[in-house]
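Each chain, letter by letter, is given below.
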Amino acid sequence: MFIDEAKVELKSGDGGHGCVSFRREKFIPKGGPDGGNGGKGGDVVLVCDRNEGDLQAYRWQPHRRARNGAPGQGRQCAGPDGGDLILPVPPGTQVLEEGSNRLVAELTEHGERVVLLAGGKGGLGNMNFKSSVNQAPRRTTPGYPGEEGNFRIVLKTIADIGLVGYPNAGKSTLTNLLTAARPKMAPYPFTTLHVNVGVIDYTDRFDRIVMADIPGLIEGAHENRGLGHQFLRHVERCSLLVFIIDMAGSENREPWDDHRILERELRLYSPILAAKPRIIVANKMDLPAAAAKLKKFQERVKDMVIPISCYSQEGIQEFRDKLWAAVKGPVDQRPKAPAPYVEPAVAKRLAKVHAAKVVAPKAKAKPAAAKPAKGKKATVKATPKAKSAVKKAKPVAKKPLLKKSAKPVAKKKPVKVVAKKKAAPVKKAASKSKAKKK
Ligand SMILES: Nc1nc2c(ncn2[C@@H]2O[C@H](COP(=O)(O)OP(=O)(O)OP(=O)(O)O)[C@@H](O)[C@H]2O)c(=O)[nH]1
Ligand SMILES: [Mg+2]
């Protein structure tokens, strides 16, 4: 049984008490205080070990405690320290505080060590308290108690790619084909009940890719249908998701429906997982219905699709190469994260708002197009649209003249000039009449 979560109650060792003792030897009267210190309590230490597969050991033995330090002894002997409690855990283990769910420790690299709970310090024996004024002290200190706590240990498998698909899509068959892992494969749903990790070896490139095969997802997994979402945590750390889709629809489902539902379930599980880059693998291409369905599928889903068949092994080499390029190849050639999903109703509303925003600046642009009409002598060769704008602007420019508005419009100047010309003859006439009078 694969166990990826366990609740544990841990306690580090208490420190040993200090000792009260006086040296008593033949012919040595009043030998003085010689009580030793107590030993330190053992720590609770987590060690990351790649040979550990899961957390089974903690499920069956959840109460663990480190050893206490021994009390001090006479003749200035310190008590021995309590031994540390070493807890080996597989890479990808997280330790959370029970109740608050605070992440306390995370171990990802083989050999990593984390002291989860420190052991208590040992107490001081009476030899530490002797002085010129107190030559026979009976004073000691007790050992400090160790720490204790309840924790939840969770395993999140570390793999480069995670296989996601409906039950019977062929995830385990593909894992068997590409890696040395041997997950069970059979023509009934939920054959795989836990995570299987396999390694794809690229001997020619001196490289490897770690692949995680998880149990199948079905519609309503977020409501705990099937095995629910619980295994999706194992693909949370993958850099790439591989959607395996039964392209032949051998279970009377359409492949595009499978794809839509898988996307939805990922979204409902976590937005982080939904935003991971992915590639789609069309499996079971050896079956007759597959080719036609693949065409329809590609019309609906625009992402890259790699057709393969685990039976005839068609497309497997190409898949291996594309996988390597997607995980280890140049960064700019790797698949990009999908655009964030927007609910269709929200998308419609956004489209309307966007359209309104696009129209608004056009309406503002009209007066700007009319501006050159003020100067009349605008020599800019206007496009047909601009010409029409200029034509439309002409009556607008005349209007202020008719209304005699106070605005300094270019056409007002000739009016003033006319007024001056008329005024001049009047003055001349007045001067002529004055001359006649004289
Ligand atoms: N015709 C055909 N059948 C396939 C192909 N790949 C897998 N199968 C069959 O599909 C069935 C299911 O395969 P599995 O690998 O167990 O499917 P799975 O996705 O791991 O299923 P679960 O573990 O239940 O989630 C098995 O009977 C396989 O033999 C393929 O390329 N062509
Ligand atoms: Mg399987």
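The numbering scheme is per chain: residues are counted from 1 as the chain's sequence reads. Think of it this way: whatever chain is written first is A, whatever ligand is written first is 1, and the rest follow in order. Thresholds applied to this predicted model are a pLDDT of at least 70 for local features of residues and 80 or more for the giving and counting of side-chain atom pairs; totals over whole chains, interfaces and linings are not thresholded and use all residues.

**Remarks on helix 6 (residues 316–327)**
Next up, step 1: With twelve residues, helix 6 should reach 16 Å at 1.5 Å per residue; the first-to-last C-alpha distance of 16 Å fits that figure.
Next up, step 2: Exposure is read from a count of other C-beta atoms within 10 Å of each residue's own; the residue is exposed at 12 or fewer, buried at 20 or more and partly exposed in between. C-beta atoms are placed from the backbone. The helix count covers DSSP runs of H or I at least four residues long, the strand count covers runs of E at least two residues long, and both are numbered beginning at the N terminus. Three or more residues of helix 6 are buried, namely Phe319, Leu323, Ala326 and Val327. Considered in projection along helix 6, the buried side chains sweep an arc of 85 degrees and stay on one side of the axis. Looking at helix 6, the residues exposed on the side facing more than 90 degrees away from the buried face are Gln317 and Glu318.
Next up, step 3: Placing C-beta atoms from the backbone, we regard two residues as in contact once those atoms come within 7 Å. Those residues of helix 6 hidden inside the fold are in contact with strand 9 (161–165), strand 11 (207–213), strand 12 (240–246), strand 13 (278–283) and strand 14 (305–307). In a helix, the anticipated span is given by 1.5 Å times the number of residues less one. What the arc covers is the set of directions going from the helix axis to the C-beta atoms.

**Observations concerning unusual backbone geometry**
Next up, step 1: In this structure, Phe206 takes a positive phi of about 55 degrees despite not being glycine.
Next up, step 2: In this fold, Phe206 is placed in the loop between strand 10 (196–202) and strand 11.
Next up, step 3: Within the chain, Lys284 stands out as a residue other than glycine whose phi angle is a positive 65 degrees.
Next up, step 4: Counting through the fold element by element, Lys284 comes out in the loop between strand 13 and helix 5 (290–300).
Next up, step 5: The class for Lys284 is buried, based on 26 C-beta atoms found within 10 Å.

**Observations regarding the sheet that holds strand 11**
Next up, step 1: Strands sit in the order 10-11-9-12-13-14 across an open sheet of six strands; the sheet is mixed. The open sheet has two free edges, formed respectively by strand 10 and strand 14, since each of these has just one partner strand. The sheet shows a mean angle of 30 degrees between the axes of neighbouring strands, direction not considered.
Next up, step 2: At least two bridges found by DSSP between two strands is the condition for calling them paired. As defined by bridge partners, strand 13 adjoins strand 14 across three bridges and the pair is classed as parallel. Bridged to Ala282 within strand 14 is Pro307.
Next up, step 3: For helices, the fitted line uses only the C-alpha atoms of the stretch in contact; every axis is such a line through C-alpha atoms, and the angle between N-to-C directions lies from 0 to 180 degrees. Against the sheet, helix 2 (residues 171–178) makes contact with strand 9, strand 10, strand 11 and strand 12, and its axis sits at roughly 155 degrees relative to strand 11, the strand it touches most.

**What about the sheet that holds strand 7 (residues 113–117)?**
Next up, step 1: A sheet is described by the order of its strands in space; here three strands give the open sequence 4-2-7, paired in mixed fashion. Each having just a single partner strand, strand 4 (85–89) and strand 7 make up the two edges of the open sheet. Along the sheet, successive strands turn relative to each other by an average axial angle of 30 degrees, direction set aside.
Next up, step 2: The pairing of strand 2 (residues 44–48) with strand 7 spans four bridges and is classified as antiparallel. Looking at the pairing, Val45 lines up with Val115 of strand 7.

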